[in-house]
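Working through the structure, step by step
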Amino acid sequence: MKGLEKVQNAIHAHEANFSQKKLSELELEWSDGLYDSRSGMLKKEVLNELKPCQDELIRLKIRSYGGLEFPKWVGDPSFLHLKHVSISGWKRCRSIPPLGQLPPLGQLPSLKELLIEGLHGVEVVGFELFGTGQAFPSLEILRFDDMRRWKKWSGAVFPRLQKLQIRECPNLVEITLEAMPSLNVLEIRDCPNLVEVTLEALSSLNVLELDTCDSHVLTSLVEVASAVTKLRIRDISGLNDVVWGGVTECLGAVEELKIEYCNEIRYLVKSDADADASKILVKLRTLVVEQCDNLVSLREKEEEEDNCRSNILTSLRMLKVYACENMERCSCPDGIEELEVSWCSSMRVVSFPKGGQEKLRSLRIWYCRNLLEKEWEWGGQEMNISRSSSSSSMPMLEHVSISNWPDLKSIIELNCLVHLTELRIEDCENLESFPDTLTSLKKLEISNCPKLDVSSLGDNMTSLKELSIRECPRMDASLPAWVWPPNLQILIIKKLKKPFSEWGPQNFPTSLVELRLYGGGGEEGARSCNQFSHNLPSSLTCLKINEFEKLESFSVGLQHLQRLSFEHCPNLKKVSSHPQLLTSLHHLSFGDCPKMKDLPEMLLPSLLSLNIWDYRPGGVLEERCSKNGSYWPLVSHIPCIHI
């Protein structure tokens, strides 16, 4: 029920007779208008008259209530079945009598979830919320959000609380609570002035997330939460190497750790030379570090200890490092299975101890422009990544993704990786050579490698299903000697040495079912599909034509085609087909084709979906296919139409 600010007399609310209506859900909302004491009293009277029947109410929401205080029915224990309560936007509430206080919601015997949000006047949450007797006997989820003046929270036991969230409370300074024996998830976010947290032991806490808080909050919590297995910290002020060192000593059960925007930390773990180093983070399996600007390396004295097997972080299996701009070295612990290093502008060396890379399954290196190929360290010794001996030390590698690595010149050694199934190489401006025997590879993407010249992918790639080659101007797939992988199913082509329209006859495999062609460059000269239709394999079930700027007409006769799509073809005017062909077409799409005015009527009866979109609204084709348009009688039978 919205617009309750319009009720001028509580008698009108009484006439709604809510007390006799067995509602399971009730939502009451006022607008955020100007406040005065008279309107505050009226709102309380209105809310009092809107008391529902307590027999069946399960969910209650009160929004933007501006009364002096809540009537007694809110929090009345006679609401035996009330499980979900949300109070939000009570701008004038203060917890200091007589100007209102939070209702005694702790008395609700079945309450499981409570949200208190946007009560900008609340400064203290105290025992008035708990009421009398055992408080919150069933509460499992409690969330405070956007409490701008809230400074202090004190309270009693929450016997069954499992999840507690406190968000955007910029003036909250102190939290003092008694036991929360069942708490499993604790999240505190955007409480920059919170410095004192006093809690009894949190023996069941598994997930702890802190964002924009003081380091005292972190240290206080990890000392009483020894069972935490997942820890995420972000923008923790005062978290330097000394404080962090003390924190890590309490993280013996942590398996997942994510650290973001903690700019005072230089090292994550101590040196091997420290006697206690091997006792730190002994169960850690996943580590993600993001935008920690002063992080130098994972371990203190890392450079001195490289190439030696370490007893630090021996359980770690996944390591991801993002945008740590001053990090120059990344010495990976033994046993890493998944490694990602991205957007680290100062990174020059990534290394493993001898034999430490044998379990590596996934490798992703993106935008580390200063990473040196000659300093690429594998197997505990410096060697060029192009040497086959380095690749054989990664026998389990399955996924490789490399982007924006200017110093990389060769990846020939990948021939030795018998388990490699996915390979993605993009924006490697000096890459010249490429492996020719990747028998296990299923997906290959090559993009924007201007010096790469591959004469043929060869028939050795017997497992390859998907191939994408984009913006590689030295690659000439038009050559008669070019051999396509024999089991290829999906092919994506954009800006090679010659446009697709100039290719000679191709021996595409009969397994090829999807072809995506991108124009640009010389491809812009193709005005009609006659210039490249001779190269379209008859096995295609999906054809996508993109960015052909001069293409005006398209006529295709592919008997098995089910999907046909055109995008960013600004001059396309006509699409047609042979009368006896394309009867199997089910999906037709035009995107950003502003001159397209007529649909190919012979294709419409078999369609299951039609998609038409344009950056410029009000296109002719869009209007004609709308419910009042001339094409509507011809397309209305199509089950899925998006315009």
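Here, the structure is the one placed above.
My aim in this report is to walk through the structure given alongside it, one point at a time. Positions within a chain are numbered from 1, following the residues in the order the chain's sequence is written. Given that this is a predicted model, residues contribute local features only at a pLDDT of at least 70 and side-chain atom pairs are listed and counted only at 80 or more, while totals for whole chains, interfaces and linings are drawn from all residues. Each side-chain value is derived from all of the structure's non-hydrogen atoms; neither hydrogens nor water enter the calculation.

Let's talk about the pattern of salt bridges
Side-chain pairs of opposite charge can arise where the charged atoms are in close proximity. One side-chain nitrogen of Lys or Arg within 4 Å of one carboxyl oxygen of Asp or Glu is enough to make a salt bridge. By the definition in use, this model includes 19 salt bridges. With a shortest N-O distance of 3.8 Å, K320 and E338 are connected by a salt bridge. One end of the pair, K320, is in strand β18 (residues 318-322); the other, E338, is in strand β20 (residues 338-342), and 18 residues separate them in sequence. Whether a residue is buried, partly exposed or exposed follows from its accessible area with a 1.4 Å probe, protein chains only, as a fraction of its type maximum: under 20%, in between, or over 50%, in that order. Assessed through its relative accessible area of 18%, K320 is described here as buried. Note that K443 and E445 form a salt bridge whose closest N and O atoms lie 3.5 Å from each other. The class for K443 is partly exposed, based on a relative accessible area of 25%. Using a relative accessible area of 24% as the deciding quantity, one classes E445 as partly exposed. Three or more residues joined by partner-sharing salt bridges are found here, namely R167, E187 and R189. Put simply, DSSP H or I for four residues or longer makes a helix, DSSP E for two residues or longer makes a strand, and each gets a number counted from the N terminus.

Observations regarding a positive patch on the surface
A patch consists of residues whose relative accessible area exceeds 30% and which take part in no salt bridge; residues with like charges are grouped when within 9 Å of each other, and nonpolar side chains (Val, Leu, Ile, Met, Phe, Trp, Tyr) when within 5 Å. Per-residue and other accessible areas were derived by the Shrake-Rupley procedure at a 1.4 Å probe size, with only the shown protein chains allowed to occlude residues. The sign given to each residue is positive for Lys and Arg and negative for Asp and Glu; His and the chain ends receive no count. We put the charge of a Lys on NZ, of an Arg on CZ, of an Asp on CG and of a Glu on CD. A contiguous patch of positive charge on the surface is contributed by K451, R474, K497 and K498. Mapped onto the elements, K451 comes out in the loop between β27 (443-447) and β28 (466-470). On the basis of relative accessibility, which here comes to 35%, the residue K451 falls in the partly exposed class.

Points about the environment of C53
One can find C53 in the loop between α2 (37-49) and β2 (59-63). Measuring from C-alpha to C-alpha, the distance between C53 and S24 comes to 9.2 Å, with 29 residues separating the pair along the chain. Residues are treated as being in contact if the distance between any of their heavy atoms lies within 4.5 Å. Setting aside residues no more than four positions away along its own chain, C53 makes contact with F18, S19, K21, K22 and F79.

Overview of the state of the cysteines
Cysteine sulfur pairs qualify as disulfides if the two atoms are within 2.5 Å. Tallied over the entire structure, the rule returns 0 disulfides. This cysteine, C569, is not joined by any disulfide, and C593 carries the nearest cysteine sulfur, 4.9 Å off. Accessibility expressed as a relative area gives 0% for C569, which makes it buried.

A look at the side chain of T248
With respect to the helices, strands and loops of the structure, T248 is situated in helix α4 (residues 241-248). Contacts described as polar in this section are N or O atom pairs within 3.5 Å, which, within protein, must combine one atom able to donate a hydrogen with one able to accept it, while residues neighboring in sequence count only if both atoms come from side chains. From its side chain, T248 meets the backbone oxygen of G245 in a polar contact 2.7 Å long. Those residues in contact with T248 that sit more than four places away from it in its chain are L268, I280 and L281.

Considering unusual backbone geometry
Even without being a glycine, T212 presents a positive backbone phi close to 55°. Secondary-structure assignment places T212 in strand β12 (residues 207-214). Of note, the phi angle at A323 is positive, near 50°, even though the residue is not glycine. Mapped onto the elements of the fold, A323 is located in the loop between β18 and β19 (329-331).

Here's the deal with the packing of aromatic side chains
Ring pairs (aromatic) are described by centroid distance and by the angle formed between their planes. Stacked, tilted and edge-to-face are the three classes applied to pairs of Phe, Tyr and Trp rings, where Trp contributes its six-membered ring and a pair requires centres within 6.5 Å; stacked means planes under 30 degrees apart, edge-to-face means over 60, and tilted covers the rest. Inspection of the entire model under this criterion finds 18 aromatic pairs. Taking 5.0 Å as the distance between ring centres and 55° as the angle between the ring planes, the aromatic pair formed by F500 and W503 counts as tilted. Residue class for F500 comes out buried when judged on its relative accessible area of 2%. What makes W503 buried here is its relative accessible area of 3%.

What about the environment of K451?
Separated by 24 residues in sequence, K451 and M475 place their C-alpha atoms 8.7 Å apart. If we skip the residues at most four places from it in the chain, K451 touches E429, N430, L431, E432 and R474. For K451, the side chain forms a polar contact with the side chain of N430, separated by 3.0 Å.

Description of the pairing of β20
Taking burial as the measure, the 5 residues of β20 include 4 buried ones, the bulk of the element. DSSP-based pairing: two strands are paired if at least 2 bridges between them are found. Inspection of the sheet shows β18 paired to β20 by 5 bridges, in the parallel sense. By the bridge assignment, M318 is partnered in β20 with E338. Across 5 bridges, the pairing between β20 and strand β22 (residues 362-366) is parallel. Bridge pairing in β22 places L339 opposite L363.

Notes on the nonpolar core
Residue types Ala, Val, Leu, Ile, Met, Phe, Trp, Tyr and Cys, when buried and joined through side-chain atoms within 4.5 Å, form a set referred to as a nonpolar core. The biggest cluster of nonpolar side chains holds 182 residues, and the ones touching the most others in it are W153, L423 and F554. Counting residues per element, this core draws most heavily on helix α3 (residues 215-224), which supplies 4 residues. Once residues within four sequence positions are removed from consideration, L423 is found in contact with V400, I411, L414, F434, L438, L441, K443, L444 and E445.

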